[in-house]
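# Reading the structure
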Amino acid sequence: MKEKILIIDGHNLLFRMFYGIPSSIKNSKGQEIKGLVGFLGSIKKLVKEFNPYNIIVVFDSETSKKSNLSLDNNYKANRQDYTKVPDEENPFTNLPAIKKALDFLNITNTEVINNEADDYIASLTNNNLYNYIIVSTDTDFIQLINDNTYLYIPRGKKSILYDKEKVYEKYKIYPKQYVLYKALIGDKSDNISGIKGIGKITATKILQYKNIESFIKDNKSNKISETILNNRKRILVNTKLITLNKNLDTANIKITNLILINKKVYEIISLINEL
């Protein structure tokens, strides 16, 4: 039986914890640390639930979306500029302490330069050596799901561990079709415009065919076919933006057995005021 590796989308977890904890939590220096406390608490829960062989936390960097801007200047243009946000309202002020805590716990963590963390995560899973569980609420990772890769979307009691069957149950498509599905309907979270006139239900109907060409061939006089033909360039750009790169160099990540004892988690929590 293959060992389980948890791969955590670092910024995704940080933002969920920072904005998901309503009350302020400050250390002895008066610094806001609710992102740190939530981050560590979440890892503790994940370890208890999945008992992983190892954990890898992947963070974006300031240059992470650079490679896709040449395709579409609007890509992720809806993201807030946190350089203008006061420290107590800025989740990124918690990052240095989080990285110190992860090092203390011997949890592998890396910041991706000039590429997106999503692509790095995709590259980490591009083998069948382990069973990978990606932890993120970013549904772009659905495209990676296969016999060795799963997506865990943590939402409290409504948390879902997606495998191929769960994806089909929810979307009526398979993971390998997800990129085209999102290319058609768009992705507001990444500021990617969909094709006007094609919603979730229509996209699902199109994807019941072998490919778009087959749909157009069988529906020549259909208004949707005309819409697709008039928007081929947009669909192609969207597909490139949504498709994750599985070929980045991840050789710096060494996977060895993780010994994460609850006591050690309690130790780091007791030391939070010093981080």
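Our subject is the structure that appears above.
All of these numbers come straight from a predicted model, not from anything done at the bench. (Residues numbered from 1 in each chain as written. Predicted model: local features only at pLDDT ≥ 70, side-chain atom pairs only at ≥ 80, totals over all residues. Heavy atoms only, no water.)

Attention shifts here to the packing of helix 1 (residues 10-20) against helix 2 (residues 34-50). Across the interface, helix 1 lies against helix 2 with an axial gap of 8 Å and an inter-helix angle of 115°. Considering only the axes of helix 1 and helix 2, their crossing is right-handed. Here helix 1 contributes Gly10, Leu13, Leu14, Met17 and Phe18 to the contact with helix 2, which in turn contributes Lys34, Gly35, Gly38, Phe39 and Ser42. Counted by class, the contact of helix 1 with helix 2 contains five nonpolar, four polar and one charged residues. (Axes fitted to C-alpha atoms, helices over the stretch in contact; angles between N-to-C directions. Helix = DSSP H or I, 4+ residues; strand = E, 2+ residues; numbered from the N terminus. Left-handed = near helix turned anticlockwise from the far one by under 90°. Contact = heavy atoms within 4.5 Å. Nonpolar A, V, L, I, M, F, W, Y, C, P; charged D, E, K, R; others polar.)

A few words on the sheet that holds strand 6 (residues 160-162). With respect to topology, six strands assemble into an open sheet ordered 3-2-1-4-5-6, the strand pairing being mixed. Pairing within the sheet leaves two strands with one partner each, and these edge strands are strand 3 (108-111) and strand 6. Here the strands of the sheet are splayed against their neighbours by 20° on average, with no regard to which way each runs. Bridge count between strand 1 (residues 4-9) and strand 2 (residues 54-59): five bridges; the pairing is parallel. Paired with Ile7 across the two strands is Ile56, which belongs to strand 2. Against the sheet, helix 2 makes contact with strand 1, strand 2, strand 4 (131-135), strand 5 (149-153) and strand 6, and its axis sits at roughly 155° relative to strand 1, the strand it touches most. Most of the contacts of helix 3 (residues 95-104) go to strand 2, to which it runs at about 160°, and overall it touches strand 2 and strand 3. (Pairing = 2+ DSSP bridges.)

Moving on, we come to the packing of helix 2 against helix 3. Where helix 2 contacts helix 3, the two axes come as close as 9 Å, and the packing angle between them is 30°. Considering their axes alone, helix 2 and helix 3 lie roughly parallel with respect to each other. When the axes of helix 2 and helix 3 are compared, the crossing they make is right-handed. Note on element contacts: helix 3 touches helix 2 through Ala97, Ile98, Ala101 and Leu102, opposite Gly35, Leu36, Phe39, Leu40 and Ile43. Broken down by class, the residue content of the contact of helix 2 with helix 3 amounts to eight nonpolar, one polar and no charged. (Parallel < 35°, antiparallel > 145°, perpendicular 65-115°, else oblique.)

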